[in-house]
Amino acid sequence: MLLNDAEIREALVEPISTIINAIKVALENTPPELAGDIIDCGMVLTGGGSLLRGMDIRLREETGLPIITVDDPLTSVVLGVGKILDELDLLRKVSVMSQYSGSR
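So, here is what we can say about the structure in this document. (Residues numbered from 1 in each chain as written. Predicted model: local features only at pLDDT ≥ 70, side-chain atom pairs only at ≥ 80, totals over all residues. Heavy atoms only, no water.)

1. Focus on the pattern of salt bridges
Pairing between side chains becomes possible if they bear opposite charge and their charged atoms approach one another. Filter applied, for reference: Any Lys or Arg side-chain nitrogen located within 4 Å of an Asp or Glu carboxyl oxygen qualifies as a salt bridge. In this description a helix means any DSSP run of H or I spanning at least four residues, a strand means any run of E spanning at least two, and both kinds are numbered starting from the N terminus.
Scanning the model with the defined rule gives three salt bridges in all. A salt bridge links Glu62 to Lys24; its shortest N-O distance comes to 2.9 Å. Taken as a pair, Glu62 in helix α3 (residues 55-63) and Lys24 in helix α1 (residues 5-28) lie far apart in primary sequence, 38 residues in all. A single network of salt bridges, built from pairs that share partners, joins Lys24, Arg58 and Glu62.

2. Re the nonpolar core
Spelled out, the test is: We define the nonpolar core as a collection of buried residues of types Ala, Val, Leu, Ile, Met, Phe, Trp, Tyr and Cys that are connected through side-chain atoms lying within 4.5 Å of one another. Each residue is assigned to one of three classes by its accessible area relative to the maximum for its type, calculated with a 1.4 Å probe on protein chains only: buried under 20%, partly exposed between the two thresholds, exposed over 50%. We call two residues in contact when some of their heavy atoms are within 4.5 Å.
Judged by nonpolar contacts, Ile16, Ile20, Ile23, Ile38, Met43, Leu45, Met55, Leu59, Leu65 and Ile67 together constitute the single largest core of 10 residues. If one sorts the elements of this core by residue count, α1 sits on top with three residues. Contact partners of Leu65, with chain neighbours within four places excluded, come to Leu27, Ile38, Ile39, Met43 and Arg60.

3. Things to note about the layout of surface pockets
Going by this rule: Using a grid of 1 Å spacing that covers the protein atoms alone, one calls a set of points a cavity when a 1.4 Å probe fits there but cannot get out, and a pocket when the set is open and has protein on both sides within 12 Å along at least five of seven lines; lining residues are those with an atom within 4 Å of a point. Grid points are joined across faces, edges and corners, and a volume is the space filled by probe spheres set on the points. Side-chain classes follow a simple rule in which Ala, Val, Leu, Ile, Met, Phe, Trp, Tyr, Cys and Pro form the nonpolar group, Asp, Glu, Lys and Arg form the charged group, and the remainder, Gly included, forms the polar group.
Approximately 320 Å³ is the volume attributed to the largest pocket. Among the elements of the structure, α1 and α3 are those that each provide at least two residues to the lining of the largest pocket. Ranked by residues supplied to the lining of the largest pocket, first place goes to α1 with seven residues. Here the lining of the largest pocket is built from residues that sort into six nonpolar, two polar and four charged. Each pocket or cavity is described by its volume, and for the second largest pocket that value is around 220 Å³. Contributing to the lining of the second largest pocket are Val44, Thr46 and Val77.

4. Looking at the side chain of Thr30
Short version of the rule: Polar contacts, as used here, are pairs of N or O atoms within 3.5 Å; protein pairs need one atom able to donate a hydrogen and one able to accept it. Residues neighboring in sequence count only if both atoms are side-chain atoms.
Note on placement: Thr30 falls in the loop between α1 and α2 (32-41). Separated by 2.6 Å, the side chain of Thr30 and the backbone oxygen of Ala26 make a polar contact. Excluding its chain neighbours within four sequence positions, the residues that come into contact with Thr30 are Ala35 and Ile38.

5. Considering the environment of Met43
Within the element layout of this structure, Met43 appears in strand β1 (residues 43-45). A relative accessible area of 17% places Met43 in the buried class. Between the C-alpha atoms of Met43 and Thr69, which are 26 residues apart in sequence, the distance is 8.5 Å. Each residue touching Met43, except ones within four places of it in the same chain, is listed here: Ile23, Ile38, Thr63, Leu65, Pro66, Ile67 and Ile68.

What follows is the structure, encoded as structure tokens:
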């Protein structure tokens, strides 16, 4: 069975909406000093989601922020994971799950 563009777009509506809502919540909970940097510099879009045609435009429209896409989004994710694994203490500090479990 072959899928056409419209079917793929329809299948992605809910996951993309979930991603956008998560980004909005994260931005709402961002400390003011970091929020200022994000407003000035924008967000960097990496990973497989950045390969979706128009994702940068949609995020720009939804957030009003500049969106920067990287040249090699999949490699950048791997390199970023490698770097954070070298900084496990930092990962614990910024982990959403550790913040959640610490507030219980």
